[in-house]
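Residues per chain, in single letters:
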Amino acid sequence: MYAPDDGHSTEVGTPSYANGWPPPDDQPDEPHAGRARRLWPVLAAAAVVGVAVGFALVFVLGGDGEGRRAVRGSSASAAAPSGGGESSASVSPSPSGSASQPPRGYEVRDDREGFRIAVPKGWTRSSAPSMYGIRVVNYRSADSSHRVQIYQVAEESPDASFELYLSPDTRKPDGFEKLALRNMDDGDFTGSRLEYLADTIHGEPDVGTWHVLDERFVAGDGRIYAIAVYGPDDDGRDDELELLTTALKWFCPPGMGCDAEASVD
């Protein structure tokens, strides 16, 4: 599995470095030509594919504040609800962009790993090897206090992936505190969102307590992806929620040929 940003997790099924703490060879943008994308067999022990956001989907923010999705052409299967308390990030900011433009201050990036996503303008990109699917891709703010991470997971469902990560056998970052594990299933969309706090994130600056939103979901290509966002908890939690909902709304998995526009409310 891919364990969220802990810097200490041991390998369980698939590498544990994908979601959060980049390995030492985390690299800035490098030429894409000649670099083959490695796809390793899914291990039988793997449970749920992590935060997968696939499909030629369009994420629509719902009036209930939960970042609802309207998915075009996805083939997601239903998942059993995960347990967990209510998330403290209960209000989804409403993007100010039009149907063909991301919110103000964001830009759409056609990543060299083949997916599309929207992140704040000027953020730098780096990537790291993965033993499953696409490379682990990170977009960071200039001071590295905020990050959006995208990767592909090997488990068979978002719920299974989080069950594996939250098990006693998987080590967590220092000061790990689970705030909520919420099932995000909505129509054709299948996904789960983990919200937690951590004192430290390996390889990242000391910002005090980190606030993390980690969503794993089934994309339109049938694969499971994860989008995780990180930021300081002391400046409030709405900024991480906005980063996540915007990234989800504009995400398009590799090879799907999504529309140029994201869906809107």
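For the structure itself, look to the data block above.
Starting afresh in each chain, residues are numbered from 1 along the sequence in its written order. Reporting of local features is limited, given that this is a predicted model, to residues whose pLDDT is at least 70; pairs of side-chain atoms are given and counted only at 80 or more, and all residues count toward the totals for whole chains, interfaces and linings. As a rule here, side-chain values cover all heavy atoms of the structure and leave hydrogens and water aside.

Can you help me understand the overall build of the protein in this one?
Scanning the protein from terminus to terminus reveals 2 helices and 12 strands. Secondary structure elements are defined from DSSP: runs of H or I of at least 4 residues count as helices, runs of E of at least 2 residues count as strands, and each element is numbered from the N terminus. Along the protein, from the amino end to the carboxyl end, the secondary structure elements read β-β-β-β-β-β-β-β-α-β-β-β-β-α. Partly exposed residues are those whose accessible area sits between 20% and 50% of the maximum for their type, while under 20% is buried and over 50% is exposed, using a 1.4 Å probe and protein chains only. Buried residues in the protein amount to 60% of all 265 residues. Whether two residues touch is decided by their heavy atoms; if any such pair falls within 4.5 Å, the residues are in contact. Restricting the contact set of the protein to residue pairs at least 6 apart, pairs at least 24 apart contribute 65%. All accessible areas in this document rest on Shrake-Rupley with a 1.4 Å probe, and a residue is counted as covered only by the protein chains that are shown. Looking at the protein as shown, the accessible area adds up to about 10,200 Å², and 50% of this sits on carbon and sulfur atoms.

I keep staring at unusual backbone geometry and nothing clicks. Help me out?
The bulk of non-glycine residues show a negative phi, and the bulk of peptide bonds are trans. The backbone of Ser 144 shows a phi angle near 60 degrees, a positive value even though the residue is not glycine. Assignment of secondary structure puts Ser 144 in the loop between strand S7 (136-140) and strand S8 (147-152).

Before we go on, may I ask you to explain the pattern of salt bridges in this structure?
Any Lys or Arg side-chain nitrogen found within 4 Å of a carboxyl oxygen on Asp or Glu counts as a salt bridge. As enumerated under the stated definition, the model contains 8 salt bridges in all. Arg 140 is paired through a salt bridge with Glu 204; the nearest N and O atoms lie 2.7 Å apart. Pair noted here: Arg 140 is in strand S7 and Glu 204 is in the loop between strand S10 (191-198) and strand S11 (210-218), with a separation of 64 residues, a long-range link. By the burial criterion, Arg 140 is buried, and Glu 204 matches it.

Can you help me understand the nonpolar core in this one?
Side chains that are nonpolar tend, in soluble globular proteins, to be buried together. Joining through side-chain atoms within 4.5 Å is the link that ties buried Ala, Val, Leu, Ile, Met, Phe, Trp, Tyr and Cys residues into a set, and such a set is a nonpolar core. Counting 24 residues, the largest nonpolar core has Ile 117, Val 148, Ile 150, Ile 227 and Phe 251 as the members making the most contacts within it. For this core, the secondary structure elements donating two or more residues are strand S5 (116-120), S7, S8, S11, strand S12 (224-232) and helix H2 (238-250). Here this core takes 5 residues from H2, the largest share from any one element. Sequence-distant contacts of Val 148, defined by excluding residues within four places in its chain, comprise Ile 117, Val 119, Trp 123, Val 137, Asn 138, Tyr 139, Ile 227, Ala 228, Val 229, Leu 243 and Ala 247. Membership of the second largest hydrophobic core comes to 12 residues, among which are Phe 162, Leu 181, Leu 194 and Val 207.

Teacher, can you tell me more about the packing of aromatic side chains here?
How two aromatic rings sit relative to each other is given by the distance of their centres and the angle of their planes. Between 30 and 60 degrees the pair is tilted, below 30 it is stacked and above 60 it is edge-to-face, where a pair is any two Phe, Tyr or Trp rings, Trp via its six-membered ring, whose centres lie within 6.5 Å. Tallied over the full model, the rule gives 6 aromatic pairs. Ring plane angle 85 degrees and centroid distance 6.0 Å describe the contact between Tyr 165 and Phe 176, whose orientation is recorded as edge-to-face. Linking Tyr 165 in helix H1 (residues 158-165) with Phe 176 in the loop between H1 and strand S9 (177-183), this pair joins segments that are 11 residues apart in sequence. Residue classification places Phe 176 among the partly exposed residues on the basis of a relative accessible area of 22%. Measuring from ring centre to ring centre gives 5.0 Å for Phe 176 and Tyr 196, while their planes differ by 40 degrees; the resulting arrangement is tilted.

How should I be thinking about H2 in this particular structure?
Since the α-helix advances by 3.6 residues per turn, residues separated by three or four positions end up pointing in the same direction. Its 13 residues give H2 an end-to-end C-alpha distance of 18 Å, which sits within 8% of 18 Å, the value for a rise of 1.5 Å per residue. With respect to burial, H2 is a largely interior element, 10 of its 13 residues being buried. Along H2, the positions that sit buried rather than exposed are Glu 240, Leu 241, Leu 243, Leu 244, Thr 245, Thr 246, Ala 247, Leu 248, Lys 249 and Trp 250. Helix span, expected: 1.5 Å multiplied by one less than the number of residues in the helix.

Hey, could you run me through the environment of Ser 141 in this one?
Note on placement: Ser 141 falls in the loop between S7 and S8. The residues touching Ser 141, leaving out its near neighbours within four places in the chain, are Trp 123 and His 146.

Just to check I follow, could you spell out H1 for this structure?
Across the 8 residues of H1, 7 count as buried, placing the element largely inside the fold. Where H1 is concerned, the buried positions are Pro 158, Asp 159, Ala 160, Ser 161, Phe 162, Leu 164 and Tyr 165. Buried residues in H1 make contact with S9, S10, S11 and S12.

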